[in-house]
Amino acid sequence: MLHFKILTIFPKYFASPFMDGLLKQAIRSGVLSVDVQDIRDFSRDKHRTVDDTPYGGGAGMVMKPEPIVAAIKHAVEDNRSYRVIVFSPKGKKFDQSAARRLSRHRNFVLVCGRYEGIDERVPAFYADEELSIGDYVLSGGEAAALVFLESVARLVPGFVGNEESLVSESYENGLLEYPQYTKPKTFEGHDVPPVLLSGNHREIEQWRSEQSLKLTEQRRPDLLDAAKKYHHNSKTMETREKTN
Ligand code: SAM
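On a predicted model such as this, the values are computed, not experimentally measured, just so you know.

Visitor: Quick rundown of the overall build of the protein? Include the residues and the values.
Guide: When you go through the protein residue by residue, the secondary structure sums to eight helices and nine strands. For the protein, the residues scored as buried account for 39% of the 244 residues in total. A separation of at least 24 residues holds for 74% of the contacts in the protein among residues at least 6 apart in sequence. Total accessible area computed for the protein in this model is approximately 15400 Å², and 51% of it derives from carbon and sulfur atoms. Positive and negative side-chain charges of the protein, numbering 34 and 35 respectively, have mean locations separated by a distance of 2 Å.

What follows is the structure, given as structure tokens:
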């Protein structure tokens, strides 16, 4: 069972993402629970203030620590051993290997910032990790929380019906996935590569790994070093297994 508690000042943002697809199924079947908490509920003043001007001056407003920390403390009260994540463009990069590392955990508190971000004392003293989902700036951490939740949940046994499909997915072996095709064989004059219709599994597998490598070289040469390491390690493992 996976538990996510999302802290946000825009709880309605999360109204629809859990109403369809795998997320809906996972909630229905009890694999996933998502609890969205309004940070404003933890503000102590009658205006439900959550932000203030930055010390040292500068544009915009900063999210105050008190309501966020009160919301975090409330979220972890049930002692489920939570991983507390704060989203920020200056956080560590969240990628597939981070998702895999974090998928060992089952309980998460996800803190979504807004405005110019969150008072630094929150990530420094009340969170386990500060993560960025990419080198760009969003208006809020809500989209980041959804990206995090979906990518981590996919890796948890029981979330994706066919776990085999995860093995060949992009990034899992360090490379981008090969191109996929379905019926019809010819669409508006464009044919499916004949090898995929051959029924020869060895040739299909070879074609897929060639395509996967070619795509990665063309689009993400930066991934190749990591992929080489991965393949080197799995070859070494294979050799070890054979000699044992
Ligand atoms: N002033 C901040 C900076 O320059 O680093 C940007 C704040 S951004 C407008 C507001 C909130 O959006 C952040 O507190 C964070 O929660 C979220 N956010 C924006 N970009 C993000 C990213 N790439 N990854 C994760 N969260 C992000």
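Visitor: Tell me about the nonpolar core, and name the residues and values.
Guide: With 31 residues, the main nonpolar core has Phe 94, Phe 108, Leu 110 and Phe 148 as its most contacted residues. Put simply, the parts of the chain that give this core at least two residues each are strand S1 (2-8), helix H1 (21-28), strand S5 (83-93), helix H3 (96-102), strand S6 (107-111) and helix H5 (142-154). Formed by 19 residues, the second largest nonpolar core is a distinct cluster that contains Val 69, Tyr 82, Val 86 and Val 111.

Visitor: Explain the pairing of S6 to me, and be specific about the residues and the numbers.
Guide: Where burial is concerned, most of S6 is hidden: five out of the five residues are buried. Along S6, one buried face is formed by Asn 107, Val 109 and Val 111 and the opposite face, lined by Phe 108 and Leu 110, is buried too. Relative to S6, S5 is paired through four bridges, and the arrangement is parallel. Looking at the pairing, Arg 83 lines up with Phe 108 of S6.

Visitor: Lay out the side chain of Thr 8 in plain terms, naming residues and giving numbers.
Guide: Mapping Thr 8 onto the fold places it in strand S1. Judged by relative accessible area, Thr 8 falls into the buried class, the value being 0%.

Visitor: Requested: an account of the site of the ligand, with residues and values cited.
Guide: Around the ligand sit 19 residues in total, of which Phe 87, Gly 113, Glu 116, Tyr 136 and Leu 138 are the nearest. Contact between the ligand and Gly 113: an oxygen atom at 3.0 Å from a main-chain N or O atom of the residue. Here an oxygen atom of the ligand and a backbone polar atom of Gly 141 are 3.5 Å apart. Burial of the ligand by the protein chains amounts to 83% of its free accessible area of 580 Å². Secondary-structure elements contributing two or more residues to the shell around the ligand are S5 and strand S7 (129-132). With three residues, S5 is the single largest residue contributor to the shell around the ligand. Taken together, the residues of the shell around the ligand break down into nine nonpolar, eight polar and two charged.

Visitor: Talk me through the environment of Thr 216; I want residue IDs and the actual numbers.
Guide: Among the secondary structure elements, Thr 216 is positioned in helix H7 (residues 201-219). Residues Thr 216 and Tyr 178 lie 38 residues apart in sequence; the distance between their C-alpha atoms is 9.3 Å. Setting aside its immediate chain neighbours within four residues, Thr 216 contacts Leu 175, Leu 176, Pro 221, Leu 223 and Leu 224.

Visitor: Mind laying out the packing of aromatic side chains, listing which residues take part and the relevant values?
Guide: Within this structure, the stated rule accounts for five aromatic pairs. When the ring of Phe 4 is compared with that of Phe 108, the centres are 5.0 Å apart and the planes differ by 15 degrees; the resulting orientation is stacked. Taken together, the residues Phe 4 in strand S1 and Phe 108 in strand S6 connect sequence positions 104 residues apart. A relative accessible area of 0% means that Phe 108 is categorised as buried. Ring pairs connect the aromatic residues Phe 4, Phe 87, Phe 94, Phe 108 and Phe 148, which therefore count as one cluster.

Cut-off values and rules
- Residues numbered from 1 in each chain as written.
- Predicted model: local features only at pLDDT ≥ 70, side-chain atom pairs only at ≥ 80, totals over all residues.
- Heavy atoms only, no water.
- Helix = DSSP H or I, 4+ residues; strand = E, 2+ residues; numbered from the N terminus.
- Buried < 20%, exposed > 50% of the residue type's maximum accessible area, 1.4 Å probe, protein only.
- Contact = heavy atoms within 4.5 Å.
- Areas by Shrake-Rupley, 256 points an atom, 1.4 Å probe, with all protein chains shown as cover.
- Lys, Arg positive; Asp, Glu negative; His and termini not counted.
- Charge placed at Lys NZ, Arg CZ, Asp CG, Glu CD.
- Core = buried A, V, L, I, M, F, W, Y, C linked by side-chain atoms within 4.5 Å.
- Pairing = 2+ DSSP bridges.
- Near = heavy atom within 4 Å.
- Polar contact = N/O pair within 3.5 Å; in protein donor to acceptor, adjacent residues only side chain to side chain.
- Nonpolar A, V, L, I, M, F, W, Y, C, P; charged D, E, K, R; others polar.
- Phe/Tyr/Trp six-rings, centres within 6.5 Å; stacked < 30°, edge-to-face > 60°.

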